Amino acid sequence: MSAHENYNKLVFAGPVGAGKSTAIAAISETPPVSTEETLSSGAMGDKTTTTVALDYSFLNLEGSIIHIYGMPGQARLGFMRNIVLEGALGVVLLLNGESEEVYNDASYWLRSIREISPQLNVVIGITKTENNPDLSLNELRGSISQIDPKAPILSVDAREEDDMKQLLKILLALHMAQAV
Ligand SMILES: Nc1nc2c(ncn2[C@@H]2O[C@H](COP(=O)(O)OP(=O)(O)O)[C@@H](O)[C@H]2O)c(=O)[nH]1
Ligand SMILES: [Mg+2]
């Protein structure tokens, strides 16, 4: 029996500004532990802080305690990704749907996760889509089809608890399907 048998760990990944810290705050029952620093070269829009180390929180999802970690988005903290992914049951990849880089980000982040953990379940949530009417989820599916054609892609709002819990439930369902 593994010591981690009942340790349900899920990770939020994605670039700076995708909504990882927002998502973790939205689903947390207690205020999340988070390490933020002021962005050195001025604010990105209205965003003046960014996660340096990681966000952590937990929630009770349908009777199970789920531990949630946010992965640092910055390239310079890329060395931390495999540490944060250690023991995770799955990853919610959040991407900023407002960004011109969203298609590149999708393949870049998926590839990065797959390099560390080839079998890990990933569900993709695209945030801020209301600000980008031209965004095509089908085009996004196309951009990741070589890497992970089965990863579900949903348009979500990271501020909405229900949206974020839906992503977690999809991940847990994928995990259960794998486990049997
Ligand atoms: N419109 C919109 N804004 C969002 C959404 N998710 C996050 N934000 C905003 O985007 C900014 C960056 O979010 P944050 O959680 O700090 O991103 P992180 O760098 O991935 O942790 C914050 O000002 C959030 O309020 C979303 O789904 N829709
Ligand atoms: Mg953050």
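Criteria and cut-off values
- Residues numbered from 1 in each chain as written.
- Chains lettered and ligands numbered in written order.
- Predicted model: local features only at pLDDT ≥ 70, side-chain atom pairs only at ≥ 80, totals over all residues.
- Heavy atoms only, no water.
- Salt bridge = Lys/Arg side-chain N within 4 Å of Asp/Glu carboxyl O.
- Helix = DSSP H or I, 4+ residues; strand = E, 2+ residues; numbered from the N terminus.
- Buried < 20%, exposed > 50% of the residue type's maximum accessible area, 1.4 Å probe, protein only.
- Arc of directions from axis to C-beta.
- Axes fitted to C-alpha atoms, helices over the stretch in contact; angles between N-to-C directions.
- Parallel < 35°, antiparallel > 145°, perpendicular 65-115°, else oblique.
- Contact = heavy atoms within 4.5 Å.
- Nonpolar A, V, L, I, M, F, W, Y, C, P; charged D, E, K, R; others polar.
- Near = heavy atom within 4 Å.
- Polar contact = N/O pair within 3.5 Å; in protein donor to acceptor, adjacent residues only side chain to side chain.
- Areas by Shrake-Rupley, 256 points an atom, 1.4 Å probe, with all protein chains shown as cover.
- pLDDT = per-residue confidence, 0-100.
- Expected span 1.5 Å × (residues − 1).

## Re the pattern of salt bridges
Going through the model one piece at a time under the given rule, you end up with five salt bridges. R114 is paired through a salt bridge with D148; the nearest N and O atoms lie 2.6 Å apart. In this pair, R114 is assigned in helix 3 (residues 102-116) and D148 in the loop between helix 4 (137-144) and strand 7 (153-155), connecting sequence segments 34 residues apart. Residue R114 shares its accessibility class with D148, and that shared class is buried. The network of salt bridges with shared partners includes E130, D157 and R159.

## Overview of helix 1 (residues 20-27)
For helix 1, every residue scored as buried is listed here: K20, A23, I24, A26 and I27. All buried residues of helix 1 lie within an arc of 160 degrees about the axis, which places them on one face of the element.

## Regarding the packing of helix 1 against helix 5 (residues 161-179)
Between helix 1 and helix 5, whose axes approach to 9 Å, the crossing angle comes to 95 degrees. On the basis of the axis angle, helix 1 is roughly perpendicular to helix 5. Residues A23, A26 and I27 of helix 1 pack against E161, M164, K165 and L168 of helix 5. Considering only residue class, the contact of helix 1 with helix 5 consists of five nonpolar, no polar and two charged.

## With respect to the environment of V11
Along the chain, V11 turns up in strand 1 (residues 8-13). For V11, a relative accessible area of 0% gives the class buried. Put simply, V11 and V122 are 111 residues apart on the chain and 9.6 Å apart in space, counted from C-alpha to C-alpha. Among all residues touching V11, those that are not within four sequence positions of it are Y69, M71, V84, L85, A88, G90, V91 and V92.

## Some details on the site of ligand 1
Inspection of the region around ligand 1 gives 16 residues, with G17, K20, T22, E130 and A158 positioned closest. Note that an oxygen atom of ligand 1 is positioned 2.9 Å from one of the backbone N or O atoms of S21. Notes on ligand 1: free accessible area 580 Å², of which the protein chains cover 84%. Per-element accounting of the shell around ligand 1 gives the leading share, three residues, to helix 1. Residues belonging to the shell around ligand 1 are distributed by class as follows: five nonpolar, five polar and six charged.

## Here we look at the environment of A151
Its location among the elements puts A151 in the loop between helix 4 and strand 7. A151 sits ten residues away from R141 along the chain, and the two C-alpha atoms are 8.6 Å apart.

## A closer look at the confidence of the model for the protein chain
Summarising the model, the protein chain shows a mean pLDDT of 88, and 86% of its residues fall at 70 or more. A low-confidence stretch, residues 1-5 stays under pLDDT 50, and its non-local contacts, those more than four residues away or across chains, total zero contacts.

## Here we look at helix 3
With 15 residues, helix 3 extends 21 Å between its outermost C-alpha atoms, agreeing within 8% with the 21 Å of an ideal straight helix rising 1.5 Å per residue. Among all positions in helix 3, only V102, D105, A106, S107, W109, L110, S112, I113 and R114 are buried. Buried positions along helix 3 lie against strand 1, helix 2 (81-85), strand 5 (90-96), strand 6 (121-127) and helix 4.

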